[in-house]
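Single-letter residue listing:
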Amino acid sequence: MSEIKTPYERIGGEAAVRKLCHTFYQIMCDTTQTQLIRALHPKNIQISEEKLYLFLTGWLGGPPLYTDIYGHPRLRARHLSFSIGIEERDQWLYCMAQALKTMDLDELFAQQLMSSFVQTADFMRNQPDQQ
């Protein structure tokens, strides 16, 4: 009987989550079509990258680093001051999809992660659909 691993363990632990977060923000900063969400972030992206790393570590089943420092993530509440519509959601998801492609992950696992990111990103929307 094999031991069941958390997504955090399956992705590769600390080094892999750090790589994913770094690649995510590198893509966001370097891609023309993601400048709308880049503009929502501080000029120094390192703080955002570290917070994403802390959050994803716990979200994936690793140590609760984010909650140890900042308390409950209250993800939607913390993002209410930002206008997040379909375009912002899709730009964020584009960056994450591209970052995931750089990881050496089982295809099914990568699809499951992306599905979870889609649900979470859609939950973050706080602007009505544009007609």
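The structure reproduced in this document is the subject of the present report. (Residues numbered from 1 in each chain as written. Predicted model: local features only at pLDDT ≥ 70, side-chain atom pairs only at ≥ 80, totals over all residues. Heavy atoms only, no water.)

Here the focus is the overall build of the protein chain. Summing up its helical and strand segments, the protein chain has eight helices and zero strands in all. By its C-alpha atoms, the protein chain is 50 × 30 × 30 Å across when sized along the principal axes. Pairs at least 24 apart in sequence give 69% of the contacts found in the protein chain among residues at least 6 apart. Taken as a whole, the protein chain presents about 8100 Å² of accessible surface, with 54% of it coming from carbon and sulfur. Averaging the coordinates of the 13 positive side-chain charges in the protein chain and doing the same for the 15 negative ones gives two points 5 Å apart. (Helix = DSSP H or I, 4+ residues; strand = E, 2+ residues; numbered from the N terminus. Contact = heavy atoms within 4.5 Å. Areas by Shrake-Rupley, 256 points an atom, 1.4 Å probe, with all protein chains shown as cover. Lys, Arg positive; Asp, Glu negative; His and termini not counted. Charge placed at Lys NZ, Arg CZ, Asp CG, Glu CD.)

Look at helix H4 (residues 46-59): 20 Å from first C-alpha to last across 14 residues, which is about the 20 Å you get at 1.5 Å a residue. By the burial criterion, the buried members of H4 are Ser48, Glu49, Leu52, Tyr53, Leu54, Phe55, Leu56 and Thr57. On the buried face of H4, the contacting elements are helix H1 (7-11), helix H2 (13-30), helix H5 (65-70), helix H6 (75-78), helix H7 (86-101) and helix H8 (107-124). Residue Gly61 follows H4 closely and has a positive phi angle near 100°. (Expected span 1.5 Å × (residues − 1). Buried < 20%, exposed > 50% of the residue type's maximum accessible area, 1.4 Å probe, protein only.)

This part covers the pattern of salt bridges. In this structure the tally under the stated criterion is six salt bridges. Arg18 is paired through a salt bridge with Glu50; the nearest N and O atoms lie 2.9 Å apart. Here the residue Arg18 occupies a position in helix H2, and Glu50 occupies one in helix H4, the gap between them amounting to 32 residues. Of the residues examined, Glu50 reaches a relative accessible area of 32% and is grouped as partly exposed. Linking Asp122 and Arg125 is a salt bridge whose minimum nitrogen-to-oxygen distance equals 3.0 Å. Note on Asp122: relative accessible area 35%, which makes it partly exposed. Owing to a relative accessible area of 16%, Arg125 belongs among the buried residues under this scheme. Salt bridges sharing partners connect three or more residues here, namely Arg89, Asp90, Asp122, Arg125 and Asp129. (Salt bridge = Lys/Arg side-chain N within 4 Å of Asp/Glu carboxyl O.)

Right, let's get into the layout of surface pockets. Within this model, the largest pocket holds a volume of roughly 780 Å³. Looking at the lining of the largest pocket, the elements with two or more residues in it are H4, H5, H6, H7 and H8. Here the lining of the largest pocket gets seven residues from one element, more than from any other, and that element is H4. A per-class count over the lining of the largest pocket returns 19 nonpolar, four polar and four charged. (1 Å grid on protein atoms, 1.4 Å probe; cavity = no way out; pocket = protein on both sides within 12 Å on 5 of 7 lines; lining within 4 Å. Points joined across faces, edges and corners; volume = space filled by probe spheres on them. Nonpolar A, V, L, I, M, F, W, Y, C, P; charged D, E, K, R; others polar.)

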